[in-house]
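So you can see what is in the structure, the chains are spelled out below.
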Amino acid sequence: MSCANCCKTTGPLLTSKDITRISNRLKKTENDFIDNYLRIDEDGDYVFKSMPCPFLGSDNYCFIYEDRPRACKEFPHTDQ
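In what follows, the accompanying structure is described.

Conventions we followed
- Residues numbered from 1 in each chain as written.
- Predicted model: local features only at pLDDT ≥ 70, side-chain atom pairs only at ≥ 80, totals over all residues.
- Heavy atoms only, no water.
- Salt bridge = Lys/Arg side-chain N within 4 Å of Asp/Glu carboxyl O.
- Helix = DSSP H or I, 4+ residues; strand = E, 2+ residues; numbered from the N terminus.
- Buried < 20%, exposed > 50% of the residue type's maximum accessible area, 1.4 Å probe, protein only.
- Core = buried A, V, L, I, M, F, W, Y, C linked by side-chain atoms within 4.5 Å.
- Contact = heavy atoms within 4.5 Å.
- Disulfide = S-S within 2.5 Å.
- Phe/Tyr/Trp six-rings, centres within 6.5 Å; stacked < 30°, edge-to-face > 60°.
- Lys NZ or Arg CZ within 6 Å of the ring centre and 35° of its normal.

Per the counting criterion, the structure on display carries four salt bridges. Measuring nitrogen to oxygen at the nearest pair gives 2.5 Å for the salt bridge that ties Arg21 to Asp18. Taken together, the residues span about one helical turn, with Arg21 and Asp18 both in helix α2 (residues 16-26) at a distance of three residues. Look at Asp18 and you get buried, because its relative accessible area is 1%. Note that Glu66 is salt-bridged to Arg25, the shortest N-O span being 3.1 Å. Pair noted here: Glu66 is in the loop between β2 (46-48) and α4 (70-74) and Arg25 is in helix α2, with a separation of 41 residues, a long-range link. Relative accessible area serves as the criterion here: at 55%, Glu66 is assigned to the exposed category. Connected through shared salt-bridge partners, Arg25, Glu66 and Asp67 make up one network.

As structure tokens, this is what we get:
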């Protein structure tokens with residue numbers, strides 16, 4: 001994979017289901033996951049604290065791919 005620009009520049013909104021699923025994957029509590037990786041944006045949504053995505057590896061592969069946020073699964077959002 002050579003691109004991963006969406007993972008480097010556009011942070012997804014994370015739903016409560018995303019937070020639960022990813023925290024379970026990482027074997028962290030939801031509060032620990034939120035404290036370590038997320039912030040609340042100006043619209044009141046959870047987003048990653050930093051970009052590129054903290055789960056993007058140096059090889060441009062997502063290491064939580066099976067449990068990635070819904071917004072990532074639905075990218076590029078052309079069917080909405």
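Here we come to the nonpolar core. Membership of the largest hydrophobic core is limited to 12 residues, which are Ala4, Leu14, Ile19, Ile22, Phe33, Ile34, Leu38, Phe48, Cys53, Phe55, Leu56 and Ile64. Secondary-structure elements contributing two or more residues to this core are α2 and α3 (30-37). Not counting the four nearest positions on each side in its chain, Leu56 is found in contact with Ala4, Cys7, Lys8, Tyr61, Cys62 and Phe63.

Next up on the list: the state of the cysteines. Applying the stated rule across the entire model yields zero disulfides. Considering cysteine sulfurs only, Cys62 is the nearest to Cys53, which forms no disulfide, with 6.0 Å between them. Residue Cys62 is classed as partly exposed on the basis of its relative accessible area, which comes to 24%.

Using the criterion set out here, one finds five aromatic pairs in the structure. Note on Phe33 and Tyr37: the rings are 5.4 Å apart at their centroids and 40° apart in plane angle, and the pair reads as tilted. Here Phe33 pairs with Tyr37, and both are found in helix α3, just four residues apart, close to one helical turn. Note on Tyr37 and Phe55: the rings are 5.0 Å apart at their centroids and 40° apart in plane angle, and the pair reads as tilted. Linking Tyr37 in helix α3 with Phe55 in the loop between β2 and α4, this pair joins segments that are 18 residues apart in sequence. With a relative accessible area of 1%, Phe55 lands in the buried category. Site record: aromatic cluster; members linked through ring pairs are Phe33, Tyr37, Phe48, Phe55 and Phe63. The ring of Tyr65 carries the charged tip of Arg68 above its face, separated from the ring centre by 3.8 Å.

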